[in-house]
Amino acid sequence: MTDAWTSARRILAVRLDAMGDVLMTAPALAALANGPARPSITLLTSPAGAAAAELLPSVDQTLVWRAPWMKHDAPGDAPDFSTMATLLRDLHFDAAVVFTVHSQSALPAALLLHEAGIPLRAAHCRENPYRLLTHWLPEPEPHHFVRHEVRRQLDLV
């Protein structure tokens, strides 16, 4: 872990899918919240994920967004990509972590975070993200092994 990560005070956690996925990310969110700087954790999640976020003491704030690259149960209005990037830029996050399952790409979220000017960005990613992520964990799943969802997210943080 670099000094920049250990001193990050405002961290954005991105988990844009369902309620159960957010719950599986709870141990990783707790690990982030218990970091050396005791950061504030904001979760960017789907409407379904927001219901689970209310149960997580490590989440200080929740932002709800229907990301256009994610499956949604019901139609609804949501800010477009540029508007969301501007909102995130205005919130001045020090770092962001994108949580996914191995079958999802972190690249759309990484592009959003890059456009928002968040200086530290980490995720598992199959493809080379180049400058979209500052901390890239190459995706070994499912070709080499498959981890339990909780272990996957803890390994990321």
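Criteria and cut-off values
Residues numbered from 1 in each chain as written. Predicted model: local features only at pLDDT ≥ 70, side-chain atom pairs only at ≥ 80, totals over all residues. Heavy atoms only, no water. Buried < 20%, exposed > 50% of the residue type's maximum accessible area, 1.4 Å probe, protein only. Helix = DSSP H or I, 4+ residues; strand = E, 2+ residues; numbered from the N terminus. Pairing = 2+ DSSP bridges. Right-handed = clockwise from strand over helix to strand, strands pointing away. Arc of directions from axis to C-beta. Contact = heavy atoms within 4.5 Å. Salt bridge = Lys/Arg side-chain N within 4 Å of Asp/Glu carboxyl O.

Undergrad: I'd like a description of the pairing of strand β2 (residues 40–45), backed by residues and values.
TA: Counted residue by residue, β2 has 5 buried out of 6 residues, so it is predominantly covered. Note: strand β1 (residues 10–15) against β2, 6 bridges, orientation parallel. Within β2, the residue paired with Ala13 across the bridge is Leu43. Where β2 meets strand β3 (residues 61–64), 4 bridges bridge the pair, whose relative direction is parallel. Each residue of the ladder has a partner; that of Thr42, found in β3, is Gln61. Running through helix α4 (residues 47–53), the crossover from β2 to the neighbouring parallel element β3 is right-handed.

Undergrad: An account of helix α6 (residues 107–115) is needed here, citing residue identities and associated values.
TA: Within α6 the residues assigned to the buried category are Ala109, Ala110, Leu112 and Leu113. Down the axis of α6, the smallest arc covering the buried residues is 160 degrees, so these residues share one side. Buried residues in α6 make contact with β1, β2, α5 (81–90), β4 (95–98) and β5 (120–125).

Undergrad: Give me the lowdown on the pattern of salt bridges, citing residues and values where you can.
TA: Scanning the entire structure with this criterion turns up 6 salt bridges. The partner of Asp21 in a salt bridge is Arg15, with the nearest N and O atoms 3.3 Å apart. The exposure class assigned to Arg15 is buried, which follows from its relative accessible area of 0%. With a shortest N-O distance of 2.8 Å, Arg151 and Asp155 are connected by a salt bridge. Of this pair, Arg151 and Asp155 both sit in helix α7 (residues 149–156), 4 residues apart, which is roughly one turn of that helix. Using a relative accessible area of 32% as the deciding quantity, one classes Asp155 as partly exposed.

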